[in-house]
Amino acid sequence: MFSNTTRYFHDGFQRWFKRQNQIPQKKKRTWAQSATSNAVNGNIKVLDAHHLQAPRMEVVSFRAGRLPAGRIEQLPLHQNAVGQYYAFVLCECENQSLAQTGKRIGGDLGLKALLNLSDGQKEPLVRYNKQLSKQLRRWDKQPAWRRIGAEAETARDQHEHPGNVRTLADFKTYQCARGMVAKLKAHAANQRLDQLQKYTTRLVKTYDVIVLEDLNVKGLLKNHRLARAISNASWSKLVMMIQYKCAWYGKQLILVSPAYTSQICACCGAKNDLLSQWLKVREWDCPSCGVHLDRDTNAAQNILVKGNKQIA
Ligand SMILES: [Zn+2]
């Protein structure tokens, strides 16, 4: 556990010396905690479907959908802000290639639908954070108020009995409100993650070559009107998942430049300059060949064409 902490600390500084990263920052005190143990002499064991043996701990019971297979390497333990514990059993195992289907697909990331495929299919974008916004608005203010109250109490403690000063952890009302906010946010994050995992697996199973735009998400997040919607959509996570799943299962992901993909007609190749200003226009007719186009599906088809050029 401690050897990993020192290793991460060393790695952080080495990267800074090589000018790869910024100088390591002091870790913020948060309610979420984590620690990583290395597997040495079989100290980490999955005993059965519900029991895990971890170093320096008694046997703990767990719940999981799938059991780890292969040689265990590391065991990172996480406690999230809600107070739930997660154990990630890292294993080394052989990658299993999925059957080749011979299909290629282009995809356009969007805010109306999460991913528009070039064959016209759309994966819906559920705004999980918006579904909870009513409850969140109610609970988000509470911890701030209760924290002020708790800090006033600790200040009084320091005067009246300096040997026995309470910390924030001792104030149940504050902890309850903080836990409630963390719970709501974790619920939204879990739902989003579940959708992404299932969708990306389905994509990688169905298609051999997946072509996506190479987006600059950090740059897009600077647009304050769209930032909340874009970060909820979690485009980077989606691309990252497709990337590693393609590598696992022997499929191919191609990233192409997103320039002009939404303005060119996929049918005849004419460029419609008017479209660049109109984000609202979802469907349009090509001025040169007259085809009726769906904005997002058309973009996905252009992306697929660009990807095909890169392969050839
Ligand atoms: Zn056209």
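Residues numbered from 1 in each chain as written. Predicted model: local features only at pLDDT ≥ 70, side-chain atom pairs only at ≥ 80, totals over all residues.

What follows is about the overall build of the chain. Helix and strand counts for the chain come out as 8 helices and 14 strands. Here the chain has a C-alpha radius of gyration of 25 Å; the compact-globule value for 312 residues is 20 Å, and the former is much larger. Counting over 312 residues, the chain shows a buried share of 19%. Counting contacts in the chain only where the partners sit at least 6 residues apart, residues at least 24 apart contribute 59% of the total. (Helix = DSSP H or I, 4+ residues; strand = E, 2+ residues; numbered from the N terminus. Rg over C-alpha atoms; globule rule 2.2 N^0.38 Å. Buried ≥ 20, exposed ≤ 12 C-beta atoms within 10 Å, placed from the backbone. Contact = placed C-beta atoms within 7 Å.)

Hydrogen bonding along the main chain pairs the strands of a sheet, whether they run parallel or antiparallel. Spatially, 3 strands are ordered β2-β3-β4 in an open sheet, and the strand pairing comes out antiparallel. Of all strands in the sheet, those bounded by a partner on one side alone are β2 (45-48) and β4 (60-61). Across 3 bridges, the pairing between β2 and strand β3 (residues 51-53) is antiparallel. Paired with Lys-45 across the bridge in β3 is Gln-53. (Pairing = 2+ DSSP bridges.)

Our next topic: the nonpolar core. Within the largest apolar cluster, 24 residues are counted, with the highest numbers of intra-cluster contacts made by Ile-210, Val-211, Ile-242 and Ile-303. Put simply, the parts of the chain that give this core at least two residues each are β8 (104-109), β9 (113-117), α4 (172-206), β11 (209-213), α7 (235-249), β12 (252-256) and α8 (295-311). Broken down by element, this core gets its largest block of residues, 5 residues, from α7. When sequence neighbours within four positions are dropped, the list of residues in contact with Ile-210 reads Ile-105, Gly-107, Leu-203, Ile-242, Cys-246 and Leu-253. (Core = buried A, V, L, I, M, F, W, Y, C linked by C-beta atoms within 7 Å.)

A separate point is the domain arrangement of the chain. Often the size quoted for an interface is simply the accessible area lost on bringing the parts together. When its domains are assigned, the chain resolves into domain 1 (2-92) and domain 2 (104-125 + 190-311). Each of domain 1 and domain 2 was reduced to a C-alpha centroid, and the two centroids are 35 Å apart. (Domains from an automatic or database assignment.)

Moving on, we come to unusual backbone geometry. Leave glycine aside and you will find that most residues have negative phi; peptide bonds, for their part, are mostly trans. Although it is not a glycine, Arg-56 sits at a positive phi angle of roughly 60°. On the secondary structure map, Arg-56 appears in the loop between β3 and β4. We classify Arg-56 as exposed; it has 7 C-beta atoms within 10 Å. Positive phi, close to 65°, is recorded for Tyr-260, a residue that is not glycine. Topologically, Tyr-260 is positioned in the loop between β12 and β13 (283-285). The exposure class of Tyr-260 is partly exposed, given the 15 C-beta atoms found within 10 Å.

This part covers the environment of Leu-212. Here Leu-212 is to be found in strand β11. Taking the number of C-beta atoms within 10 Å as the measure of exposure, Leu-212 has 24 and is therefore buried. For the pair Leu-212 and Leu-117, spaced 95 residues apart in the sequence, the C-alpha separation amounts to 9.7 Å.

On to the sheet that holds β9. Pairing is mixed in the open sheet, where 5 strands are placed in the order β10-β9-β8-β11-β12. Looking along the sheet, the strands with just one partner apiece sit at the ends: β10 (122-124) and β12. Direction aside, neighbouring strands of the sheet carry axes that sit 25° apart on average. The pairing of β11 with β12 spans 5 bridges and is classified as parallel. Its bridge partner being in β12, Ile-210 is matched across the sheet by Leu-253. (Axes fitted to C-alpha atoms, helices over the stretch in contact; angles between N-to-C directions.)

Along any regular strand the residues' side chains alternate between the sheet's two faces. Counting buried positions over the 5 residues of β11 gives 5, a clear majority of the element. Burial along β11 is two-sided: the face carrying Val-209, Val-211 and Glu-213 and the face carrying Ile-210 and Leu-212 are both buried. Bridge count for β8 against β11 is 3 bridges, and the pairing is parallel. Paired with Arg-104 across the two strands is Val-209, which belongs to β11.

Along the chain, Arg-156 turns up in helix α3 (residues 133-160). Distance in space between the C-alpha atoms of Arg-156 and Arg-166 is 10.0 Å, their sequence separation being 10 residues.

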